[in-house]
Amino acid sequence: DAKTTQPPSMDCAEGRAANLPCNHSTISGNEYVYWYRQIHSQGPQYIIHGLKNNETNEMASLIITEDRKSSTLILPHATLRDTAVYYCIVRAFSGGYNKLIFGAGTRLAVHP
Amino acid sequence: EPEVTQTPSHQVTQMGQEVILRCVPISNHLYFYWYRQILGQKVEFLVSFYNNEISEKSEIFDDQFSVERPDGSNFTLKIRSTKLEDSAMYFCASSGGTPATNEKLFFGSGTQLSVL
């Protein structure tokens, strides 16, 4: 699985967009980019994933560069409840079980 | 929304004792996982399980650990003889079953295991 690099911490004002970067320069053509988050000590929570195209759901948007070597998770209007550790994970998936390997992630602090 | 349920939320045990951590995965999911997180450290993969067999396990998952799906709903992690370093939050997860959920892991809220 490709290695990812994320900043250890970021902060964001409440109501503003939070843009969390992730570098994955060794990503292979069949590897997806997954984003999860962990609020305090709860179980990780799925946010979004993508292969090549940008993706959007009710939680966030995922922007993947054309060369796929980096991506950005966007929380459009961050709230205090978005304070969490955000994990960017790259993994090939072709059906079956999906073992995810978590790194250190980015600790996002949303402040009033 | 369906969720993964873990019991107990906290478990305290003496070193050398056996513990069983219990999980009820989402009902139509096919793949099951255990992860753990030692305080202040990363979330670590332990094992994945499918069709009543271990699909993959990590180096952490040694002979002291075992998993079982004893019936159609529960998924358990047993630690045979606990050590101090087994103290951690243990997360169960499940995935699969429908195209919409195939790739997504759904995690439980965890069991905090404290070994004294």
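The shown structure was predicted, so the numbers you read here are calculated from the model rather than taken from an experiment.

Points about the overall build of chain B
The secondary structure content of chain B amounts to zero helices and eleven strands. Counting helices and strands in the order they occur from the N terminus, chain B gives β-β-β-β-β-β-β-β-β-β-β. A compact globule built from 116 residues should have a C-alpha radius of gyration of about 13 Å, and chain B, at 14 Å, falls within 12% of that. Considering only C-alpha atoms, chain B reaches an extent of 45 × 25 × 25 Å along its principal axes. Of all 116 residues assigned to chain B, the portion counted as buried reaches 44%. Considering only contacts within chain B whose residues lie at least 6 apart along the sequence, 55% involve residues at least 24 apart. Counting every atom, chain B has about 5,800 Å² of accessible surface; 47% of that belongs to carbon and sulfur. On chain B, the mean spot of the 9 positive side-chain charges and the mean spot of the 14 negative ones are 2 Å from each other.

Considering the state of the cysteines
Scanning the entire structure with this criterion turns up two disulfides over all chains. Note on cysteine connectivity: A:C22 is disulfide-linked to A:C88, with sulfurs 2.1 Å apart. Residues A:C22 and A:C88 are joined through a disulfide that is left-handed, its torsion about the S-S bond being -80°. Here A:C22, found in strand β2 (residues 18-23), pairs with A:C88, found in strand β8 (residues 84-92); they are 66 residues apart in sequence, far enough to count as distant. Pair check on accessibility: A:C22 and A:C88 agree, each one buried. The disulfide partner of B:C23 is B:C92, and the S-S distance across this bridge is 1.9 Å. Judged by the sign of its S-S torsion, about -65°, the cystine formed by B:C23 and B:C92 is left-handed. Taken together, the positions of B:C23 in strand β3 (residues 19-24) and B:C92 in strand β9 (residues 88-95) put the pair 69 residues apart, joining distant regions of the chain. According to the relative accessible area criterion, B:C92 is buried, its value standing at 0%.

Focus on the pattern of salt bridges
Two side chains bearing opposite charge may form a pair once their charged atoms approach each other closely. In total, this model carries three salt bridges over all chains according to the counting rule given. Across the pair A:R37 and A:D82 runs a salt bridge whose closest N-O atoms are separated by 2.8 Å. Highlighted residues: A:R37 in strand β3 (residues 31-38) and A:D82 in the loop between β7 (70-75) and β8, separated in sequence by 45 residues. Residue class for A:D82 comes out buried when judged on its relative accessible area of 13%. Residue B:E56 pairs with A:K99 through a salt bridge whose shortest N-O separation is 2.6 Å. Taken as a pair, B:E56 in strand β6 (residues 53-57) and A:K99 in the loop between β8 and β9 (106-111) lie in two separate chains rather than in one. Relative accessible area serves as the criterion here: at 23%, B:E56 is assigned to the partly exposed category.

Each value, and the rule that gives it
- Residues numbered from 1 in each chain as written.
- Chains lettered and ligands numbered in written order.
- Predicted model: local features only at pLDDT ≥ 70, side-chain atom pairs only at ≥ 80, totals over all residues.
- Heavy atoms only, no water.
- Helix = DSSP H or I, 4+ residues; strand = E, 2+ residues; numbered from the N terminus.
- Rg over C-alpha atoms; globule rule 2.2 N^0.38 Å.
- Buried < 20%, exposed > 50% of the residue type's maximum accessible area, 1.4 Å probe, protein only.
- Contact = heavy atoms within 4.5 Å.
- Areas by Shrake-Rupley, 256 points an atom, 1.4 Å probe, with all protein chains shown as cover.
- Lys, Arg positive; Asp, Glu negative; His and termini not counted.
- Charge placed at Lys NZ, Arg CZ, Asp CG, Glu CD.
- Disulfide = S-S within 2.5 Å.
- Salt bridge = Lys/Arg side-chain N within 4 Å of Asp/Glu carboxyl O.

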